[in-house]
Amino acid sequence: MIERDKILGALSGVRDPELDEPVTDLGFVSHLEIEGDDVSIRLRLPTYFCAPNFAYLMVADAREAVLSVPGVRRARVVLDDHYASGEINGGVNEEHGFDGAFSGETEGPDLEGLRTIFRRKSFVSRQEQLCRALLAEGRSPLELAAMRLGEMPPSQDLDKYLERRRELGLDVSESAPLVVDPDGNRVPEDAVVQHLRFAKTLRVSIEGNAELCRGLLETRYGGERGVGERPEREEVTA
Amino acid sequence: MYEKDGEKYFVVDGHVHYWDASPENTTNKYGEGFIRCFYDYHKNLSPEEYLWSLDKYRKYSEEDMMHDLFEIGYVDVAIFQSTYLKDFYNDGFNTTARNAILKEKYPDKFILNGQFEPRLGEAGLEEFERKHEKYGFTGIKLYTAEWHEDSKGWKLDDYWSIKHLEKCVELGVKNIHVHKGPTIWPLNRDSFDVADVDEAASSFPELNFIVEHVGLPRLEDFCWIGTQEPNVYGGLAVAMPFIYAKPRYFAQVIGELLYWLGEDRILFASDYAIWQPKWLVEMFVDFEYPEDAEFDDYAEITPDIKRKILGLNAAKLYDIEVPEELQLVTADQGTGFDVEEKPATDR
C-alpha cells in the first residue's frame, strides 16, 4: 500500500521555478488519488494564462517525483484550467518533452536553460535572506565577505541556501566562502554591499510574485485548499 | 486634482482602457479565459466597495468611465493604452479606434496612444503610418505576448520591431509603453525577460521606454536596466493596487524603484477598469513606509516625490500643461541612482 504522505513528501520537493516554493505549499495540488500502484495527481495554477513553460516544468517534475516513490508503477499528472492544458498534459504523460508538446514553437535545447536561470535567481535570493539575518545580528558586510560556510549556525534558511548551491553544482564544503556569485566566485569585499543590494531586489521580486500568485489562486478557486497546502505565512506567525 | 492636508496633486492616470469583452465580442475560449483572469486580478486586489460584477466588468459604459476617472477619481488627464487582442475578441479588446470614441468626445481629458504590429512587416509599417495620420498619437503601447496567427509573441529587437521603432522616431512618436506577457517565441525562453527593452532603449536614446507593470514579475531585471538606460521609465499599473491588499509588498516595490530609478522615472497608473484611481490616489498620498528594519534603507517619500509620481513625470513626457499651483513645492530631492555613473559591478 502506497502511503499518501510518501507521495506528498515527494511532491513537496517540486518547486515552482519562479516562486521558489514547493507546489504543495502553494496550493497547486488539487487532487491526489492512489489506487494500488497507480497514482493520479491534478494540478491547478493561479491563472489560465500562467507561462506555459513553467507550467510544463511543474507537471513534468511532479510526475517524476511521484514515480520516484518506491512501489509506484504508474503516475498520471493532469494540469486543469490552463489554455495549454492539452499540449502540456499530453507532452508530459506521453513523454514527448516540451519540444514535442509545442512543436515548432520552441528553439534550442528544451527547458534546461530556463530552469538554470531560475535556479540562479533562487540561489541569490536565498543567499540574501541568510545575509540579511546576519546583518540584523550586527555583522558588517565586510565580515560577511570573509565568512565561510562552516561558520554558519545551523538553520532552515541555511539548509535551503545549501540546497540551492548544490543544484548549481557549487562548493558546499565548510571552507567555501559564504557569499559567492551564481558561478561560485567569491564576491570581493568592495563589491559585497552592491551585490547584496541587487540580491535584495531579486528577493523582493520573488516574494512579491509568490504573494500575488497565492492571492490569485485563492480568488480563482474560492479559497478551496490544496492537498498538502500549508497555512499561509501570516497565520503561522500570528 | 487631489488635495489633502494642504497639499495639492495633479493626477495623470498613465494606463486606462475602454474595453469590450462582452460575450458578443468574445471570439473563443482564450478571450473568455483572458477576461476571467483580468477579473480575478480585480477581485483579488480591490477593496470590497469597489468590486464589480463580472457582467459589468466585461463591458462598462462611457458614463462609468467618466464618473470613475474624472468625477470621483481625481484624474486630470488619462492615457489610453490600446490593447488589440484581435485573436481573442472579434473587434479587439480596446483598439485605438474604440478608445478614440471617448478621445473625440473629451479631447482635453484623454491622451490616445496607438500600437504597431511588427509581424505584419512592410504592411504593418504602412498601417502604423496610416493610423498615426488619423489619430496623431505621440505614444504607443506594445504587448509583446500578443498572439498573431501561429505566433505567440515577439521581441523589441526583432528586425521588423526595429523598423517600426525607426518609424516612431521619424513620426515623433516618442513614448513607447511596453508590456510583457506570458507567451512569446520561442516558448521555451523566459517571456517576461526585459533584455530586449534594454537593447531597444540603448539603440533609440531619443525614445522613452515606459515598462508597464514596472517589469513585474521581473522587477529585478527591470531595476537593473533602469540603472543602465536613462530613457527607461516604470509604469505602476498592477503594482499600485498592492497598496491596499499587500501594503508591505507595495512598500518594498516602491522603495526599490525609488532606490534604483529615482523619483523622476516612475509613473502612476490605475489600469482602469481593473482598478479605480480614486482609492489608489487616496492611499498613495497617505502612504508611509512601515516602521521596521526591512525599510531602513529607503528614503522618505515626500509630498513632492508623490506629486512627481502621480502626475508631473507623465506630464513632462506628454507635454501636458500643469497649472502653476500644482507644480513642485521644493527643488529636486536628488533621490535615485545616478545613471550617468552606471554601477561598475557585473551582476
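Predicted model only: the values in this text are computed from it and were never measured.

### Focus on the overall build of chain A
- Summing up its helical and strand segments, chain A has nine helices and five strands in all.
- Its C-alpha atoms give chain A a radius of gyration of 19 Å, near enough to 18 Å, the size a compact globule of 238 residues would have.
- For the C-alpha atoms alone, the extent of chain A along its principal axes is close to 55 × 45 × 35 Å.
- Residue burial in chain A is summarised as follows: out of 238 residues, 43% are buried.

### Some remarks on the overall build of chain B
- Scanning chain B from terminus to terminus reveals 12 helices and 10 strands.
- Against the compact-globule benchmark of 20 Å for 347 residues, chain B has a radius of gyration of 19 Å, which places it among compact chains.
- Seen through its C-alpha atoms, chain B measures out along the principal axes to roughly 50 × 50 × 40 Å.
- Buried positions account for 49% of the 347 residues belonging to chain B.
- Counting only contacts in chain B whose residues sit at least 6 apart along the sequence, the fraction spanning at least 24 positions is 78%.

### Thoughts on the packing of helix α2 (residues 52-67) of chain A against helix α3 (residues 85-93) of chain A
Residues and elements named next belong to chain A.
- Remark: α2 packs on α3, axes separated minimally by 10 Å, with the N-to-C direction vectors making an angle of 35°. Once α2 is placed against α3, the crossing between them reads as right-handed. Across from Pro52, Ala55, Tyr56, Val59, Ala60 and Arg63 in α2, the residues of α3 making contact are Ile88, Gly91 and Val92.
- A per-class count over the contact of α2 with α3 returns seven nonpolar, one polar and one charged.

### Notes on the domain arrangement of chain A
All names here are of chain A.
- What the domain assignment lists for chain A is domain 1 (4-110) and domain 2 (112-212).
- For domain 1 versus domain 2, the distance between C-alpha centres works out to 28 Å.
- Along the lines of polarity and charge, the residues of the side of domain 1 that touches domain 2 split into four nonpolar, two polar and four charged.

### Focus: helix α6 (residues 159-171) of chain B
Residue and element names in this part refer to chain B.
- The terminal C-alpha atoms of α6, which comprises 13 residues, lie 19 Å apart, in line with the 18 Å expected from a rise of 1.5 Å per residue.
- Among the structural elements, α5 (121-135), β6 (139-143), β7 (175-179) and α7 (195-203) are those in contact with the buried residues of α6.
- Of the residues trailing α6, Gly172 is marked for its positive phi of about 80°.

### A closer look at the nonpolar core
Residue and element names in this part refer to chain A.
- Ranked by internal contacts, the top residues of the largest apolar core, which has 154 residues, are Val59 and Ala62.
- Examining the composition of this core, we find that 11 residues originate from one element, helix α8 (residues 192-220), more than from any other.
- Taken together, domain 1 (4-110) and domain 2 (112-212) each give at least three residues to this core, which thus spans both.
- If we ignore the near neighbours within four places in the chain, the residues touching Val59 are Leu43, Val77, Leu79, Ile88 and Val92.

### What to know about the confidence of the model for chain B
- For chain B, the average pLDDT comes to 93, and 95% of its residues sit at 70 or higher.
- Interface confidence for the predicted complex, given as ipTM, is 0.91, next to a pTM of 0.93.

### Describing the sheet that holds strand β9 (residues 232-235) of chain B
Residue and element names in this part refer to chain B.
- Pairing in this open sheet of five strands is parallel, and the strands run β6-β7-β8-β9-β10 from one edge to the other. Each edge of the open sheet is held by one strand with a lone partner, namely β6 and β10 (266-267).
- Sheet analysis places β7 next to strand β8 (residues 208-211), joined by four bridges and oriented parallel. Note that in β8 the partner of Val178 across the bridge is Val211.
- Helix-sheet contacts for α7 involve β7, β8 and β9, and the interaxial angle to β8 is about 160°.

### Remarks on the interface of chain A and chain B
- Each partner contributes residues to the interface: chain A has 34 residues there, and chain B has 33 residues.
- Counting residues per element, the side of chain A that touches chain B draws most heavily on α8 of chain A, which supplies 14 residues.

### Focus on the sheet that holds strand β5 (residues 74-79) of chain A
Residues and elements named next belong to chain A.
- Here we have three strands laid out as an open sheet, ordered β3-β4-β5, and mixed in their pairing. In this open sheet, the two edge strands, each paired with only one partner strand, are β3 (29-35) and β5. Put simply, the sheet's adjacent strands are angled 10° from each other on average, direction ignored.
- Two elements, strand β4 (residues 38-43) and β5, share six bridges in a ladder whose sense is parallel. Looking at β5, one finds that Ser40 is bridged to Arg76.
- Packing against the sheet, helix α1 (residues 4-11) makes contact with β3 and β4, and its axis sits at approximately 135° to β3.
- Packing against the sheet, α2 makes contact with β4 and β5, and its axis sits at approximately 160° to β5.

### Here we look at the pairing of strand β4 (residues 77-80) of chain B
Residue and element names in this part refer to chain B.
- By the alternation rule, side chains of β4 split into Val77 and Ile79 and Ala78 and Phe80, which are all buried.
- When strand β3 (residues 12-16) meets β4, the two strands line up parallel, connected through three bridges. Opposite Asp13, over in β4, you have Ala78 as the bridge partner.
- Bridge count between β4 and strand β5 (residues 110-112): three bridges; the pairing is parallel. Pairing of Ala78 across the sheet is with Phe110, part of β5.

### A word on unusual backbone geometry
- In the segment running from Trp185 of chain B into Pro186 of chain B, the intervening peptide bond is cis, with an omega of -10°.
- Along the polypeptide, Pro186 of chain B turns up in the loop between β7 and α7.
- The amide bond that connects Tyr272 of chain B to the next residue, Ala273 of chain B, takes the cis arrangement and shows omega of 10°.
- Residue position: Ala273 of chain B is located in the loop between β10 and α11 (277-286).
- Of note, Glu95 of chain A is a non-glycine position whose phi angle comes to about 55°, a positive value.
- Turning to its location among the elements, Glu95 of chain A is positioned in the loop between α3 and α4 (97-101).

### Some words on helix α10 (residues 247-260) of chain B
- Here α10 of chain B is 14 residues long and its end C-alpha atoms lie 20 Å apart, about the 20 Å a rise of 1.5 Å per residue gives.
- Burial runs high along α10 of chain B: 10 of the 14 residues are buried.
- For α10 of chain B, the full list of buried residues reads Phe250, Ala251, Gln252, Val253, Ile254, Gly255, Glu256, Leu257, Leu258 and Trp260 of chain B.
- Against the buried residues of α10 of chain B lie α8 of chain A together with α8 (219-228), β9, α9 (242-245) and β10 of chain B.
- Gly262 of chain B occupies a position one or two residues after α10 of chain B and carries a positive phi of about 90°.

How each quantity is defined
- Residues numbered from 1 in each chain as written.
- Chains lettered and ligands numbered in written order.
- Predicted model: local features only at pLDDT ≥ 70, side-chain atom pairs only at ≥ 80, totals over all residues.
- Helix = DSSP H or I, 4+ residues; strand = E, 2+ residues; numbered from the N terminus.
- Rg over C-alpha atoms; globule rule 2.2 N^0.38 Å.
- Buried ≥ 20, exposed ≤ 12 C-beta atoms within 10 Å, placed from the backbone.
- Contact = placed C-beta atoms within 7 Å.
- Axes fitted to C-alpha atoms, helices over the stretch in contact; angles between N-to-C directions.
- Left-handed = near helix turned anticlockwise from the far one by under 90°.
- Nonpolar A, V, L, I, M, F, W, Y, C, P; charged D, E, K, R; others polar.
- Domains from an automatic or database assignment.
- Expected span 1.5 Å × (residues − 1).
- Core = buried A, V, L, I, M, F, W, Y, C linked by C-beta atoms within 7 Å.
- pLDDT = per-residue confidence, 0-100.
- Pairing = 2+ DSSP bridges.

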